[in-house]
Structures are given as C-alpha cells and as structure tokens.
Amino acid sequence: MAEPTATLDLSELRRRARPQDIPQVPTITICGGTGCRVYGSEMVADRFRQELDAAGCQATVELQVKSTGCHGFCEQGPLVVLRPSEIMYVHVKPKDVPEIVQRTIIAGELIDRLLYVDPDSGDHISREPDVPFYKHQQRLILNLNGLIDPLDINEYINMGGYRAIHHCLGELTPPMVIDTVKRSGLRGRGGAGFPTGLKWELCRNQPGDLKYVICNADEGDPGAYMDRSIIEGNPHRVLEGMIIGAYAMGARRGYVYIRAEYPLAVKHLRAAVAQARAAGFLGRNILGSGFDFDIDITLGSGAFVCGEETALMASIEGRTGEPRPRPPFPAQRGLWGRPTNINNVKSWASVPIIIDRGPEFFASIGTPSSKGTMIFSLVGNINNTGLVEVPMGITLRQLVEDIGGGVPGGKQFKAAQIGGPSGGCIPPEHLDVQIDYDSLRSLGAIMGSGGLVIADEDTCMVDFARFFMAFTQEESCGKCVPCRIGTKAMLSTLERICDGKGQPGDLEYLTELGNEIKSASLCGLGQTAPNPVLSTLRYFREEYQAHIHQGRCPAKVCKGLISYSVLEENCTGCMVCLRSCPTGAIQGAKREVHHIDAEKCNRCGTCFSLCKFDAVQVV
Amino acid sequence: MIAEKYAEEIKGIIARFPNKKSAVLPLMHLAQHEYGYMSQEAMREVAEILDLDPTQVLSLSGFYSLYYEEPVGKYVMEICNDLACALRGADQFVDMACRKLDTTVDATTEDGLFTIKTVMCLGACDRAPMLQCNLKFEENLDEGKFDQLLARLREEAVSEQKSPSIVEKIVAYAK
C-alpha cells in the first residue's frame, strides 16, 4: 500500500469547498465525453484556447477553457456552455469559435444559429437550464459533469468534493455512517434495488479484519452507458463513495471492475486513483485518521455475465466469470473467501451526496419506497437521445415526451424497454406509470441499470424480443442448464416465428419455458432472461399471433414475412437499385420500370433505402 | 518466452494479487501481445508461469471475448449490432462493411489488415451505427464515413507502421 505523498490540510479543504455549484470565474466548458469527442470537441477546445490568446483575453480577464465530462445531451454535441451566464451553444464546430469569442465573449451578443431550437415551439433557447431536456431533470449525481475537469482533483475539491469523507472520518463512527445511509433510503442502483445501508451492515457485522469493497462498473446492458459517463465525467465522486463505504464496513482494499471496452473511463479512473493517493485520500492513515484503504482497478475481458456479483468476483480472482449459488452471500464469503460488498457505480456515487447534504435531503426526493434520483440513457427512436437524471417517481410519459422530446418523424410511440435484457416492455397504455422499483415490477419490467430503449410504430415486437433473447443466449455463461438450454430453445422458437414458420402452441410453449427458466436459473442473468419475451407476450400478443396465424409481420420488419416490389407509377428507371442489388434480383433497363425477382431477392432492403422516388414498397 | 522477456513486468503483475493464480488474465494479455493471439504456445507459457494446467488457460481464453483464439487483422472492427444500434440500422451497416471488404464476420481480409466482428453493447447507443476499431470509437457511421475510415487506416498502415495493432493496444492498456 502506498504511503501518501502529501496530506491535505483539512481546514484548507473546508475553506476551498464552496457552497455554490456554479463557478463565478468566467469559464468556457466544452463537453469532452466520448460522444462529443467523436464530433470533434477536442478541436473546438483547442481552437478556443488559440482564439482567446489571439484576442488577448487571457491577459485581461481570468477566463478558463475546460474540457468536462459528458453533459448528457449527446444528440446536440459538441456542446459549449459559457459560465456563469449558462449560455449554451450546440453543434459547435472549430470554425464557429472565432465568432463566439468576438461576438459573445467580447461583445456579449447571442449567436442565434448556434442556440438550441426547441422542436415543439421553434423557439431559440439561450440558457442551458431553460432547455426542456434539462429543465425536468434533477441532477444530483451528474451535476458536476459539465462543470469540472475530471482529470484535476482540485476541481472536484473546489466543488465540495471529498468534504463527505472528511466529515465521516472526523465526526462519524462507522455505525453512524451506516445509519445515515440507511436513513437515506438508498437502494442498489445496479438493478435489484436491495437497500444499500442494510447490505453494508451485513458486511460490517461479519468477523475478520480483511474485507473488500468492489465497484461494479461492468456495465453491459444494451442501451445503457450512464456508468461510463459518470466515471468519465467525475471519477472522484465514485472513489469518495467507496472510501466512505470502506470506512463504514472496515474494508482495507477496494477494486473497481470496469469494462476494458471503455478506454476513456479507464484513463480517467486511473488518473483519479493516482491523484487521490497523492492527496492522501487513499493509502495509509487517510487524512490522519488511522484508517488505511487503497483501490486497484481490474479490467473486464469481455463477458457480460461478469456484471453478476459472484461472477465478477470469480473474474477478479482470475477464473472464468461464472456465477455460483448464494448463500453464502458476498458479505459472508466474497472475494478470495473474505467478506465483500459490491455496489454499482451509481450507488457509490450517491453516497457522498447523502453524507454531504444529509439523509433527510436524499430521502425527500422520490417516492415512499424509492428514494433519490435515477439516471437513464434514453436511446432508440427518440428525439433527444442522451443521459438524463430524474427524481424517482417521475412518470414514463414525462421522461419520453417532456425530456426525450417524443418519437422522431411524427411516428407513434410503441414501447419503452426498461431494464435491458432483464427488463420488460412498457406499452403506450402504461405511459403514465411512475418510475420506481415497485411500480415497474408490477408491469413486468424492472428498474435495472437504467437503459431505456424507445421503439416506434415501425418496430416489430417479436423481432425486438428476439434481439434480447439472442443477447442473453450469447452471454449465458453455460453453467446451469435452465439458462444455457432454455434461452437457446426460446431463441430458436422466436427465430422460427420471425421466419414465418411459427406454429400453434408456440406462445404457450414460450410462456411455460420462460417461467421455468425464471424459477430454475442460478443467477440474475437467467432468472430475468425471459422477461423481454414474457412482457411483449403480455402487451403485444396480437403481433405474435399475426406472425403465426396470418403469416404477417404487422410492422413489416421480419424478412421471412415480407417481400419487396416496385410501384410502377413511381419508378423512373434510374437503375440505382438495380446496380446496388447484391443478389442481382432486379431487372430492367434505363428509363424502364424495374422488377424484383422474389426468388432471388434476399430482402436486404438496400433498394428500399436507396430509392429516392418511393417506388420500392414493402408488402 | 515471455517469462524471460517480461520478467520484471510479470513479477509486478503477480505482486498485485494475494495469490499467483489470480494474475492469469493480465498475463494472458501479455502473452497475446507477444504472439498476436492466444496460440497454444502462449497458453502453455502462461500456465507454466502460474503453475496452472494449460487447459485452464484455454478455458479462460474461450470464455472472455478479448482473447483471440485465431490470428486477427491489424485493425479489428467491432461493430455493435445490439438492439439499440439495430434500431438505427446496424445490421445493414454490418452487411455493407462485409461487402466492402469482401469478407465475412469474424474472418480477416487477405491483406491481413481488417477483421470484422459483431459485438454486444459498447455503450454508445445514441450514436449508432458505430464500431470500435482498436479500442477507438467511430460513431454515427454511414457508407461514406466508413469509406473514409478505411482510406485513413490503409494509409496509416503503409505510412510508418507506427499505429499500434489491436493486440498492442489492449496490452498497453491492460497493464
């Protein structure tokens, strides 16, 4: 364990921690999350530095240019927010930068074409908090993502970071910390929703002086990327949560198990651990309290099942990530046989907020059974894709319509898949459901880790369910029979239905098998794998029936049940489709109506997507 | 022999764990770096260093998807075709990419440059179709952008050889 190279003076820490969240130093914050980087946000940040130098601004006012973590509104990136005015510009390119410097920063004018336009009203919105996407959110965990440089520990400290660990070590005994977490009502954010304080207490009460805490950052649900964004944008808050937890439970060693597929998050996390160690928040005798704790980072090697806690521990130990039966629970026998506590990234990140702002504050947000906020990644057929943090108890309709801006292209909302491959689909008639652990469960979905995939009217729900089944079948570790064979059998039945070869009795078979897999599987992966199928069977049964009994895919998606044909009156004989057809199934000559040979056609849809004259139709 | 070539490094990795056997996954990355994939030789060497049976290393190699059991191209393009991406046309994108490179999923192009794989969620659902090429995300792709990417990589591959291969990247980062 490393000796701290410097110990921060606590009174200094306290003095530097300012109560307000918005920096008063004029700052240009540029989103540097993975999403905005792809759009060129680093080039935008560099250009700002150059232009400000050229304009002589650096010399006259204290003005900072900061690459921050993900702001969440990925759809509109690269995002630039000027603070303290909170003017937000969207889709900013390097060539826009000189104009922003000259007109906005120096002359104080707004540049209309860079402002966000509300698609509903057509209004230009100048301030970040007034944008509907942000207005309905309550950003407790993500609040600093757009404000601080994640590679600089001092910025987190300046915003009140590490104040909670100082408070715990200085004034609270470990049982008092656990009591505080219990009173906050925090439930595990990894999916199952087990009360966090209770879990900590179980671990604390185990005998032995070698205990471990683990942060589960093996995020892998299709459609979920909030853990990645938290670690990229504010890794110190996760570390602070872990240090507090370790203190409360008496753990001396912690691990962050993170997906190797997240390079930026790994880089930020490594930097954060090194800085926290140098500042004396990790290592021996933390902040002079006599408490020793250090954190190591373990990279996942590409296996979804490792997000399951017993599989995750097996993977850290260097074994295949296969779950084992519980009990014994990790709190009793965990990593290398020692008492271990595993929490999700969002749970750990909530802890400093609970300590710092008080359990009553945290418990005042949400519903009687679900406290605090939840982060969702809104993806699929929705206008505002991105990360959103909302109070528990908000309705799905608010999430989809007010924050998400509804379904694009004037199409109808068909379903929201919540909770990833363990979750279920919620149909339009239940859009007013409250988002909390129990309400979602009653509809056959789960809170899960926060993936929220929106499907529009053009989505085939049988195909949708097949997707998730293909996912869990692929990722099943193969240890227990119900999951290994059962998911395979469900998948082949679904594939048969999508191919137009469904048989009477298939739906009853899927239901029966699904319920058996749920009750007999070893771990959470298998126990929840049938949910997407069962919930679509519950709400979209007539769509399954159309496939089986009428040989029809109502959404015109399933290749075995559709065919393409040319609408003669629209075809101009331009030959575009003919040249691109991979199977040579299209015949015709220039300026003559083309025809599709159904025998040769493999239904790839290339002609349909290429035709500019709407002359190819799906029947 | 990685045991001699990386003696110091191996010692450091083993020291991070309470028991030697737990160091197997990072050592496998090292061996994969040396041999380009998890060859039989690579598995035997790792097993020997850690007093494991080679079949134990083989089972890990088969279980975790970041270990390659066959040689791969210099650039491994892992295209996500999971649900959220499929809703944005990822399957058609995979077909297009294979057509373009005259290859199939999991096969390597004849020039040894490209391997296309399909993967489960990479957490960039809002920017599909997307792929991860040697650990770098390429997002919001279409045919035109894919052409540009191929051109850039082909140029990079012949220019100075300074761009690391996927295996080199993974090992650098798994340390």
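Residues numbered from 1 in each chain as written. Chains lettered and ligands numbered in written order. Predicted model: local features only at pLDDT ≥ 70, side-chain atom pairs only at ≥ 80, totals over all residues. Heavy atoms only, no water.

## A closer look at the overall build of chain B
Cut-off, in case you're wondering: Labels follow the DSSP assignment, with helices taken as runs of H or I lasting at least four residues and strands as runs of E lasting at least two, numbered in each case from the N terminus. Categorising residues by exposure relies on relative accessible area from a 1.4 Å probe, with only protein chains included: less than 20% of the type maximum marks a residue as buried, more than 50% marks it as exposed, and the intermediate range marks it as partly exposed. By definition in these notes, contact holds between two residues if any of their heavy atoms fall within 4.5 Å.
Scanning chain B from N- to C-terminus turns up nine helices and four strands. Each helix (α) and strand (β) of chain B, taken in turn from the N terminus, gives the series α-α-α-α-α-β-α-α-β-β-β-α-α. Projected onto its principal axes, the C-alpha positions of chain B cover 50 × 35 × 25 Å. Taking all 175 residues of chain B together, 54% fall into the buried category. Taking contacts inside chain B between residues at least 6 apart in sequence as the whole, the part at least 24 apart equals 64%.

## Some words on the domain arrangement of chain A
Where we set the bar: All domain edges in this entry derive from an automatic or database-based domain assignment.
Domain boundaries assigned for chain A yield domain 1 (23–85 + 87–126), domain 2 (158–363), domain 3 (373–456), domain 4 (461–549) and domain 5 (563–618). Taking only C-alpha atoms, the centre of domain 2 of chain A and the centre of domain 5 of chain A are 56 Å apart.

## Here we look at the sheet that holds strand 12 (residues 386–391) of chain A
Residue and element names in this part refer to chain A. Filter applied, for reference: Should DSSP find at least two bridges between two strands, the strands are regarded as paired. Note on geometry: axes are C-alpha line fits, over the in-contact stretch for helices, and angles between N-to-C directions span 0 to 180 degrees.
Pairing within the open sheet is mixed, and its five strands lie in the order 12-11-15-13-14. Here the strands that pair on one side only, and so sit at the sheet edges, are strand 12 and strand 14 (424–426). Sheet twist, expressed as the mean angle between neighbouring strand axes with direction ignored, is 30 degrees. Pairing of strand 13 (residues 413–418) with strand 15 (residues 451–456), which is carried by five bridges, proceeds in the antiparallel orientation. Paired with A416 across the bridge in strand 15 is I454.

## A word on the domain arrangement of chain B
How big an interface is tends to be stated in terms of the accessible area lost upon association of its parts. Segmentation of chain B into domains returns domain 1 (2–69) and domain 2 (75–159). Relative to domain 2 of chain B, the C-alpha centre of domain 1 of chain B lies at a distance of 29 Å.

## Quick word on the interface of chain B and chain A
Basically, it comes down to this: Here the buried area means the combined drop in accessible surface, using a 1.4 Å probe, for two parts upon being joined, counting both sides. Definition used for salt bridges: Asp or Glu carboxyl oxygen within 4 Å of a side-chain nitrogen of Lys or Arg.
On the chain A side, the residues contacting the 42 residues of chain B number 58 residues. Together chain B and chain A conceal approximately 3800 Å² of surface at their shared face, both sides included; 58% is due to carbon and sulfur atoms. Joining chain B to chain A, the criterion identifies two salt bridges. R16 of chain B is the salt-bridge partner of D296 of chain A, the closest N and O atoms lying 3.4 Å from each other. Breaking the side of chain B that touches chain A down by element, the ones donating at least two residues are helix 3 (24–35), helix 5 (54–63), helix 6 (83–86), helix 7 (90–101) and helix 9 (166–174) of chain B.

## Quick look at the sheet that holds strand 7 (residues 212–217) of chain A
Across a sheet, strands are paired by hydrogen bonds formed along the backbone, either parallel or antiparallel in direction. Residues and elements named next belong to chain A. Strand order in the open sheet formed by four strands is 9-8-7-10, and the pairing between neighbours is parallel. Two strands in the sheet have a free side with no partner beyond their single neighbour: strand 9 (294–299) and strand 10 (340–344). Direction aside, neighbouring strands of the sheet carry axes that sit 20 degrees apart on average. Here five bridges tie strand 7 to strand 10, and the two strands are oriented parallel to one another. Bridging from a neighbouring strand, V213 pairs with N341 of strand 10. Running over the sheet, helix 13 (residues 263–278) touches strand 8 (253–258) and strand 9 and is turned about 165 degrees from strand 9.

## Digging into the packing of aromatic side chains
Heads up, the condition is: Pairing of aromatic rings covers Phe, Tyr and the six-membered ring of Trp, with a centre-to-centre limit of 6.5 Å; geometry is then stacked below 30 degrees between planes, edge-to-face above 60, and tilted otherwise. A ring has a charge above it when a Lys NZ or an Arg CZ is no more than 6 Å from the ring centre and no more than 35 degrees off the ring normal.
Inspection of the entire model under this criterion finds 20 aromatic pairs over all chains. A centroid spacing of 6.0 Å and a plane angle of 55 degrees characterise the contact between Y255 of chain A and W336 of chain A, whose relative ring orientation is tilted. Remark: W336 of chain A occurs in the loop between helix 14 (309–316) and strand 10 and Y255 of chain A occurs in strand 8; sequence separation between them is 81 residues. By relative accessible area, Y255 of chain A is classed as buried at 2%. Its relative accessible area of 17% is what places W336 of chain A among the buried residues. Geometrically, the ring pair formed by F93 of chain B and F146 of chain B is edge-to-face, given 5.5 Å between the ring centres and 85 degrees between the ring planes. Of this pair, F93 of chain B sits in helix 7 while F146 of chain B sits in helix 8 (residues 143–159), and the two are 53 residues apart along the sequence. In this pair, the class of F93 of chain B matches that of F146 of chain B, namely buried. Positioned above the aromatic ring of Y262 of chain A is the side chain of R228 of chain A, whose terminal nitrogen or guanidinium carbon lies 5.9 Å from the ring centre. When the ring centre of F467 of chain A is taken as origin, the NZ or CZ atom of R466 of chain A, which lies over that ring, is 5.2 Å away.

## Quick notes on helix 15 (residues 345–357) of chain A
All names here are of chain A. Stated formally: An expected span of 1.5 Å times one less than the residue number is assigned to each helix. By the criterion applied in these results, polar contacts are pairs of N or O atoms within 3.5 Å in which, for protein atoms, one can donate a hydrogen and the other can accept it, and in which residues neighboring in sequence qualify only through two side-chain atoms.
Between the first and last C-alpha of helix 15 there are 19 Å, a value that for 13 residues agrees with the 18 Å anticipated at 1.5 Å per step. A large share of helix 15 lies buried, amounting to eleven of its 13 residues. Those residues of helix 15 lying buried are V345, K346, S347, W348, A349, S350, V351, P352, I353, I354 and I355. At the N-terminal end of helix 15, a side-chain oxygen is found 2.7 Å from the backbone nitrogen of K346, two or three residues along, and the residue is N344. Directly beyond the C-terminal end of helix 15, a positive phi value near 95 degrees is found at G358.

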